[in-house]
Amino acid sequence: MLATNFAASRRINPAGASFKLTEAQVWKGLEIKARDPAKFIPSVTSSEVTKDTEKWVTRKVSFGGNPPITEEIEFFEGTIIYFNSADLGTSITNTLSYDEDGEMVLTFSFGGGIPGTQPSDQIPTRQELNKRIGAGVEHCIGVIRQLVENGTITV
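Predicted model only: the values in this text are computed from it and were never measured. (Residues numbered from 1 in each chain as written. Predicted model: local features only at pLDDT ≥ 70, side-chain atom pairs only at ≥ 80, totals over all residues. Heavy atoms only, no water.)

(A) Just the side chain of Thr 107, in detail. With respect to the secondary-structure elements, Thr 107 resides in strand β7 (residues 104-111). Judged by its relative accessible area of 14%, Thr 107 falls in the buried class. (Helix = DSSP H or I, 4+ residues; strand = E, 2+ residues; numbered from the N terminus. Buried < 20%, exposed > 50% of the residue type's maximum accessible area, 1.4 Å probe, protein only.)

Structure representation (structure tokens):
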């Protein structure tokens, strides 16, 4: 795991988007991502929810074929989801917010490391991390858009 801290944000409805996602649709998509991450995170090789309540989920998840880790996930409806792993000492957030123009923004932040990455002799630059993590944010938004289009998300 790459032991670095980083956050990347992307607009949810950039110019050229096929249709505008609503806040409720994005939030529902993030809830689905917390419970079934493989649809959203290509490096997830297995996931099992072991506890599920309205505000908390506990899951065992494997990244890149590594042994499973336990994540405690806490939901603050409409705004933020915390993913905490005592196994790795990591904290991840998925934050739904608005920029200065009133456009919805999705931010993924990583504290204590980025699961699914491998340590290397060379730490990526901030630009490389923004590109890599930003691509993950964009992929997540794309999956949510697909789930709306195919009728899985109906809010």
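There is more to say after this.
(B) Quick peek at the pairing of strand β5 (residues 80-85). In the sheet, strand β4 (residues 69-76) pairs with β5 via five bridges, with the strands oriented antiparallel. Considered in β5, the bridge of Glu 74 is made with Tyr 82. Pairing of β5 with strand β6 (residues 90-98) involves six bridges; the strand directions are antiparallel. By the bridge assignment for β6, Ser 85 is matched with Thr 90. Turn length for the β5-β6 hairpin, with the two strands adjacent in sequence and antiparallel, is four residues, and the turn residue Gly 89 shows positive phi of about 75°. (Pairing = 2+ DSSP bridges.)

(C) Geometry of the nonpolar core. In terms of nonpolar packing, the biggest core is built from 37 residues, with Ile 12, Val 26, Leu 30, Phe 40, Leu 106 and Ile 144 touching the most fellow members. Listing elements by their share of this core, those giving two or more residues are β1 (6-11), α1 (23-35), β3 (56-63), β4, β5, β6, β7 and α2 (126-149). Among the elements that make up this core, the one with the highest residue count is α2 (nine residues). Once residues within four sequence positions are removed from consideration, Leu 30 is found in contact with Ile 81, Asn 94, Leu 106, Cys 140 and Ile 144. (Core = buried A, V, L, I, M, F, W, Y, C linked by side-chain atoms within 4.5 Å. Contact = heavy atoms within 4.5 Å.)

(D) Spotlight on the packing of aromatic side chains. Inspection of every chain in the model, using the stated rule, returns one aromatic pair. Geometrically, the ring pair formed by Phe 76 and Tyr 82 is edge-to-face, given 5.7 Å between the ring centres and 90° between the ring planes. Positioned over the ring face of Phe 19 is Arg 145, at 5.2 Å from the centre of the ring. (Phe/Tyr/Trp six-rings, centres within 6.5 Å; stacked < 30°, edge-to-face > 60°. Lys NZ or Arg CZ within 6 Å of the ring centre and 35° of its normal.)

(E) Spatial organisation of the packing of α1 against α2. Viewed as axis vectors pointing N to C, α1 and α2 meet at an angle of 105°, and their least axial separation amounts to 9 Å. The angle between α1 and α2 falls in the class roughly perpendicular. Residues Gln 25, Val 26, Gly 29, Leu 30, Ile 32 and Lys 33 of α1 lie in contact with α2, whose contacting residues are Cys 140, Ile 144, Leu 147 and Val 148. Of the residues belonging to the contact of α1 with α2, the class tally is seven nonpolar, two polar and one charged. (Axes fitted to C-alpha atoms, helices over the stretch in contact; angles between N-to-C directions. Parallel < 35°, antiparallel > 145°, perpendicular 65-115°, else oblique. Nonpolar A, V, L, I, M, F, W, Y, C, P; charged D, E, K, R; others polar.)

(F) Quick peek at the side chain of Thr 4. By the element assignment, Thr 4 lies in the segment before β1. By relative accessible area, which is 14% here, Thr 4 ends up buried.

(G) Inspection of the sheet that holds β6 at higher detail. The strand order across the open sheet built from seven strands is β1-β7-β6-β5-β4-β3-β2, with neighbouring strands paired in antiparallel fashion. What marks the edges here is a single partner per strand, and that holds for β1 and β2 (44-52). Sheet twist, expressed as the average angle between the axes of neighbouring strands with direction ignored, equals 20°. On top of the sheet, α2 reaches β1 and β7; it is set at about 50° to β1, its chief contact.

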